[in-house]
Amino acid sequence: MSKVIVAMLGARRHYAVPRLLYEAGLLERFFTDSYSGNKPLLRRAVQAIPDHLRLANLERWLGRADTVLPPERVVSFEGLGWWYARARRRARTAAELESVFEDSARRFNERILAHPAFSEGEIVWGFNSASLDLFAAARQQGRRCIVEQTILPKRLATQLLAEEAARWPGWDARAESGPPPSTPVGALREQQEWALAERIVAGSAFVRDGLIQLGVAEDKIRVVPYGVDTARFRAVETAAEEPPAGARRGPLRVLFAGQVGLRKGVPDLLQALRRLPADAIDCRLAGPIGLAADKLRDLPVSAQLLGPVPRSRMAELFRWAEVFVLPSIVEGSATVTYEALMSGVPVIATPNAGAPVRDGIDGTLVPIRDPQALADARCRGISMMRISCVLTKPRR
């Protein structure tokens, strides 16, 4: 069988791609920017720091590991990883953030191409906007390439987000003056990657349709929905013993998770909460804040901002929630919706979220930019969702 080189900036989906390829006997080498699982001495040194003294960055670095991947199969560039994390935090506008990503992708590709292990393996698996130089070199060597398109193509995503910024002027914490470029640099890079790749993997039909809209041949695309680690997220065993919808008391417990920003449709969510009785909903929003501070001074009474939440605490939040909501404008296939469903929590999402929701069975699909549809979905959240055996019985 052909061996695969995986090159991935970040810890996408908890390293699912390299792990699954390794378990299938197909992984030759995994390249990434920062990874603690192959640095045992440094990892032990960081773990020796008392929890209350350990910086958040170090805590996140400790989470950059997988218990299945053999350390010797992983090549990581810690200096690049720390630089990338710091540069992202310092970016003040969307353009600066895009420039940081482009620079990190270029540096990442340069380091991989200079590493002797890159020549091992017949297939190179990369991710959109971060694989162009690798693919060009691999194709010259007669190797095959696969690109994973993790989100709607940038040309279309930029258009949707520009429309969103016009709908909510002054809301984006990283907004800048002037319209975004009609053809972002990242969009051109994506198109070149599609041309070099033998296959394009998309997490949802939403992403596939965007690729086709931009001229990619349908037979080149494979839709592979994302999965979720069943050991991390599972339905609460006592869910079937809860009282029926008509007998319950207290507000409906609603959870949102993700960046609290325009792309995730948060302004529409806040508008929907304002249309419902304050005592009917208890909505918690978990994630980094991407909205301007002045727009969050007058939150709906039912909304509570939790800020960034460690992944280790997400299972606890899913146990608390009765409904999960993600009114995204642009996604690929939002992993958090899989985690919610696996936890036994019904999902309200837009088609643009790329969520694996069966409308009316284990969740509800609502149009983007429609606060009233979100409010209506919450009103029927308990009465409709609780009758589904998918949600009232633990998933196996």
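Residues numbered from 1 in each chain as written. Predicted model: local features only at pLDDT ≥ 70, side-chain atom pairs only at ≥ 80, totals over all residues. Heavy atoms only, no water.

Things to note about helix α1 (residues 16-23)
Among the residues of α1, Val 17, Pro 18 and Leu 21 are the ones counted as buried. An end-on view of α1 places all buried positions within 95 degrees of arc, on one side of the element. Tucked into the core, α1 has its buried residues touching β1 (4-8), β2 (27-32), β4 (123-127) and β5 (144-149). Gly 25 sits one or two positions beyond α1 and adopts a positive phi of about 75 degrees. (Buried < 20%, exposed > 50% of the residue type's maximum accessible area, 1.4 Å probe, protein only. Helix = DSSP H or I, 4+ residues; strand = E, 2+ residues; numbered from the N terminus. Arc of directions from axis to C-beta. Contact = heavy atoms within 4.5 Å.)

Digging into the sheet that holds strand β12 (residues 347-349)
The strand order β10-β9-β8-β11-β12-β13 describes an open sheet built from six strands, whose pairing is parallel. Two strands lie at the open edges of the sheet, namely β10 (303-307) and β13 (363-365), each paired on one side alone. On average, adjacent strands in this sheet sit at an angle of 20 degrees to one another, irrespective of strand direction. In this sheet, β12 lies alongside strand β11 (residues 323-326) in parallel orientation, the contact comprising three bridges. Opposite Phe 324, over in β12, you have Val 347 as the bridge partner. Relative to the sheet, helix α11 (residues 311-320) contacts β8 (252-257), β9 (281-286), β10 and β11, its axis offset from that of β8 by approximately 150 degrees. With respect to the sheet, helix α12 (residues 335-342) is in contact with β8, β11 and β12, its orientation differing from that of β11 by roughly 170 degrees. (Pairing = 2+ DSSP bridges. Axes fitted to C-alpha atoms, helices over the stretch in contact; angles between N-to-C directions.)

Quick word on the pairing of β5
Within a regular beta strand, the side chains point alternately toward one face of the sheet and then the other, so they alternate between its two faces. In terms of burial, β5 is a largely internal element, five of the six residues being buried. Of the pairings in the sheet, the one linking β4 to β5 comprises five bridges and is parallel in character. Bridging across to β5, Val 124 finds its partner in Cys 145. On the question of chirality, the crossover connecting β4 to the parallel β5 by way of helix α6 (residues 132-140) is right-handed. Pairing of β5 with strand β6 (residues 199-202) involves four bridges; the strand directions are parallel. If you follow Gln 149 over to β6, its bridge partner there is Ala 202. (Right-handed = clockwise from strand over helix to strand, strands pointing away.)

So, the sheet that holds β6
Remark on secondary structure: sheet strands pair via backbone hydrogen bonds, oriented parallel or antiparallel. Taken in spatial order, the seven strands line up as β3-β2-β1-β4-β5-β6-β7 in an open sheet, and their pairing is parallel. This sheet does not close on itself; its edge strands, each paired only once, are β3 (74-76) and β7 (221-223). Ignoring strand direction, the axes of neighbouring strands in this sheet form an average angle of 20 degrees. Taken together, the three bridges between β2 and β3 define a ladder with parallel strand orientation. In the sheet register, Phe 30 faces β3, and the bridge partner there is Val 74. Contacting β1, β4 and β5, α6 crosses the sheet at an angle of about 160 degrees to β5.

A look at the nonpolar core
If you look at the biggest cluster of nonpolar residues, it comprises 51 residues, and the most contacted ones within it are Phe 256, Leu 285, Phe 318 and Phe 324. Of all elements in the fold, only β8, α10 (266-274), β9, α11, β11, α12, β12 and α13 (371-379) reach the threshold of two or more residues within this core. Once you skip the residues sitting within four places of it in the chain, Phe 256 turns out to touch Lys 264, Val 266, Leu 269, Arg 284, Leu 285, Ala 286, Phe 324, Val 325, Leu 326 and Pro 327. If you look at the next biggest cluster of nonpolar residues, it comprises 32 residues, including Ala 7, Val 124, Ala 202 and Val 207. (Core = buried A, V, L, I, M, F, W, Y, C linked by side-chain atoms within 4.5 Å.)

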